[in-house]
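# Topology and contacts: notes
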Amino acid sequence: MSRTATDRGEPADPADDQPPLRDDHAFLGHPRGLATLSGLEVWERFSFLGMQAILVLYFADAVADGGLGMAPGTAASVSAAYGTMVYLVSVAGGWLADRILGSYRAVLWGGILIACGHYAMAVPTAAMTWVGLGLISAGTGLLKPNVATMVGKLYRTDDDRRDAGFALYYMAINIGAFAGPLITGWLGEHEGWHWGFSAAALGMTAGLVQYVHGRRHLAGRKHSAEYALAPAAMRRAVWRIVGGCLVFAALATLLAAAGRLTMDRFVDLLTLVSVIAPVVYFAVMFRSPRVTSEERGRLRPYVVLFLASVAFNFILFQAYSTMMLLASTNARTTILGFEFPASWYASALGAFEVALAPVVAALWARMGHRQPHASNKIAIGVILGGLSFLLMVIPTSGHEGDAYEMAAWWIIGSYLLLGLGDVLLETSGMSATSKLAPRAYRSQTMALWFLSLALANGIQAQVVKVYGQVSNPVYFGLNGAVAVAVGLAVIALAPWLRRTMHPVH
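Since the model is a prediction, treat every value here as computed from it, not as a measurement.

## Thoughts on the packing of helix 2 (residues 72-101) against helix 4 (residues 126-153)
- Contact geometry for helix 2 and helix 4: axes closest at 6 Å, N-to-C directions at 50°. Between helix 2 and helix 4, the angle is such that the two are oblique. Classified by chirality, the crossing of helix 4 by helix 2 is right-handed. Contact with helix 2, carried on its side by Val78, Tyr82, Met85, Val86, Val89, Ser90, Gly93, Gly94, Leu96, Ala97 and Leu101, involves Trp130, Leu133, Ile136, Ser137, Ala138, Thr140, Gly141, Leu142, Pro145 and Asn146 of helix 4 and no other residues of that element.
- Residue composition of the contact of helix 2 with helix 4, by class: 14 nonpolar, 7 polar and no charged.

Written as structure tokens, this is what we have:
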């Protein structure tokens, strides 16, 4: 009996899975599918970051006021652990897209799970909060690595529009990052935290509707996976995944009921997994017979970019944890007589990225092949992230006790540096990942980029435990200095990176 390409685990012919040719320059000189995927990310980030802007405040708020009554350091650690879990699941999401679901369906089902998670969190009970966070983690793991991969499929590897396209995509992400905290923050702090979570649920629902409506403009929109398992192997994999999830849930429930699985132990376990997972994943790809020697050579510089991403995102994610806590206790919440919720500071980060992303995109498009190498863009982004924390040493120094207030402009200035660094690093990082990925692991290599976010959150989950126990100048100063040192190290490696990262320019 003859076997199809799908049965053999080989990629299906992509020729009949492309958008119409007229779409190629239909959206600001970019493929029309970029608008569909960017629209999805607007609403996904609206819901995800809108919720995350108030999550640590909800954890730290008194039970009598509708919160969970955690200590500040614990609240930041649990919030970071949730972020760790979100990005750890992205590995499974990439594999499911490659082998079972296909990119389009993986993103669709991910969005559905995210929406269900936010609706669960709208229910004002602690139990539904944890159920909701679990569903959002699973959904984001399916959606995030695969939607970014779908953006990469819209361009040829040598297309000079590629980095500019990712910059526009990232601008769309940050429109959601800007709008989300404005809505959820105001509702959370004025009407109740669960009202804020409800707004996040409605946002994700809107994103799903426009994604399905615009599916005809997407590459890779067919139901079949690019490297689908044979039918028998697929059935076995599905049963093992379902069974494993049920066993894990039952075991975790039993251990928690017996007092053996505490919140601190769960956080520590996630951090450990976030360290082990990328090491194992890199080892598998380096040894895989389906990875050519040329592709293996491009993975080596990718390790450096991976570590740079960890250093930067360790700083970035604290914009929604320690920086939110600092803003709620030690920053003024008035500008020119206008009073606003502390969670609105998170919108400043999104606003700067919305404003800066098109400037960066236009600059790269204008420079063409004369633009800086991707590794240098990433290094500068890491340095800017470190400087954003070093800036906070100034307003937090020279005070007796913690009863002081800094001007709003300090946090806004920190977020300006952080926002520019994020635009430089994430757009170049995602674009470079889609170019350096071995063909047989394309979706999964994008998931590996998100594992750098998991590791950053895993490290953060441990480090933030000392927030409030050491002085703020020491905390922000040491963290910022480490990030700057990593950025300088990447710059020092630039000659080697330029030689080994072909075809990345």
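## Things to note about the pattern of salt bridges
- Summed over all chains, the structure comprises 5 salt bridges.
- One salt bridge connects glutamate 41 with lysine 144, and the closest N-O pair in it is separated by 3.0 Å. Taken together, the positions of glutamate 41 in helix 1 (residues 33-60) and lysine 144 in helix 4 put the pair 103 residues apart, joining distant regions of the chain.
- In this structure, arginine 332 engages glutamate 405 in a salt bridge whose closest nitrogen and oxygen atoms are separated by 4.0 Å. With arginine 332 in the loop between helix 10 (322-330) and strand 1 (334-335) and glutamate 405 in the loop between helix 13 (393-396) and helix 14 (408-436), this pair connects stretches of sequence that are 73 residues apart.
- Accessibility expressed as a relative area gives 38% for arginine 332, which makes it partly exposed.

## Let's talk about the packing of aromatic side chains
- Tallied over the full model, the rule gives 15 aromatic pairs.
- Relative to phenylalanine 286, the ring of phenylalanine 282 has its centre 6.5 Å away and its plane inclined at 35°; by these criteria the two rings are tilted. Highlighted residues: phenylalanine 282 and phenylalanine 286, both in helix 8 (residues 263-287), separated by 4 residues, approximately one helical turn.
- Summarising the aromatic geometry, the rings of tyrosine 467 and phenylalanine 476 are spaced 6.5 Å apart at their centres and angled 75° between planes, so their arrangement reads as edge-to-face. For the residue pair tyrosine 467 and phenylalanine 476, the accessibility class agrees, reading buried in each case.
- The rings of Tyr58, Phe59, Trp130 and Phe197 are connected pair by pair, giving a single aromatic cluster.

## Some thoughts on the nonpolar core
- Met51, Tyr345, Ile411 and Tyr415 are the most contacted members of the largest nonpolar core, which totals 95 residues.
- Examining the composition of this core, we find that 12 residues originate from one element, helix 9 (residues 293-316), more than from any other.
- Aside from chain neighbours lying at most four places away, what touches methionine 51 is Phe46, Tyr82, His118, Met121, Leu133, Ile136, Thr184, Phe197 and Ala200.

## Quick word on the environment of alanine 76
- Mapped onto the secondary structure, alanine 76 falls in helix 2.
- Sequence separation of alanine 76 and alanine 60 is 16 residues, and the distance between their C-alpha atoms is 8.5 Å.
- If we skip the residues at most four places from it in the chain, alanine 76 touches Val56, Ser321, Leu325 and Val464.

## Thoughts on the side chain of asparagine 472
- Here asparagine 472 lies in helix 16 (residues 472-492).
- You can call asparagine 472 buried: its relative accessible area is 11%.
- With near-sequence residues (within four places) excluded, asparagine 472 lies in contact with Leu326, Thr396, Tyr404, Tyr467 and Gly477.

## A short note on empty space enclosed by the protein
- A full pass over the atoms with the stated rule returns 2 cavities of 30 Å³ or more.
- For the largest cavity, the calculated volume is near 270 Å³.
- Looking at the largest cavity, it is lined by 21 residues, and the ones nearest its centre are Arg45, Tyr87, Tyr170, Leu316 and Asp422.
- Considered class by class, the residues forming the lining of the largest cavity number 13 nonpolar, 3 polar and 5 charged.
- In this structure, the second largest cavity spans a volume of roughly 30 Å³.
- Along its surface, the second largest cavity is lined by Gln52, Ser79, Ala80, Phe317, Tyr320, Ser321, Asn457 and Gln460.

## Describing the layout of surface pockets
- The calculated volume of the largest pocket comes to roughly 1,700 Å³.
- Lining the largest pocket are 39 residues, and of these Met85, Val89, Gly134, Cys245 and Phe248 sit closest to its centre.
- For the lining of the largest pocket, the elements supplying multiple residues, two or more each, are helix 2, helix 4, helix 7 (231-257) and helix 8.
- The dominant element in the lining of the largest pocket, judged by the number of residues it contributes, is helix 2, at 13 residues.
- The residue makeup of the lining of the largest pocket, split by class, is 33 nonpolar, 6 polar and no charged.

## Observations concerning the side chain of serine 77
- Relative to the assigned elements, serine 77 resides in helix 2.
- A polar contact is formed between the side chain of serine 77 and the backbone oxygen of alanine 461, at a distance of 2.7 Å.

Thresholds, definitions, all that
Residues numbered from 1 in each chain as written. Predicted model: local features only at pLDDT ≥ 70, side-chain atom pairs only at ≥ 80, totals over all residues. Heavy atoms only, no water. Axes fitted to C-alpha atoms, helices over the stretch in contact; angles between N-to-C directions. Helix = DSSP H or I, 4+ residues; strand = E, 2+ residues; numbered from the N terminus. Parallel < 35°, antiparallel > 145°, perpendicular 65-115°, else oblique. Left-handed = near helix turned anticlockwise from the far one by under 90°. Contact = heavy atoms within 4.5 Å. Nonpolar A, V, L, I, M, F, W, Y, C, P; charged D, E, K, R; others polar. Salt bridge = Lys/Arg side-chain N within 4 Å of Asp/Glu carboxyl O. Buried < 20%, exposed > 50% of the residue type's maximum accessible area, 1.4 Å probe, protein only. Phe/Tyr/Trp six-rings, centres within 6.5 Å; stacked < 30°, edge-to-face > 60°. Core = buried A, V, L, I, M, F, W, Y, C linked by side-chain atoms within 4.5 Å. 1 Å grid on protein atoms, 1.4 Å probe; cavity = no way out; pocket = protein on both sides within 12 Å on 5 of 7 lines; lining within 4 Å. Points joined across faces, edges and corners; volume = space filled by probe spheres on them. Polar contact = N/O pair within 3.5 Å; in protein donor to acceptor, adjacent residues only side chain to side chain.

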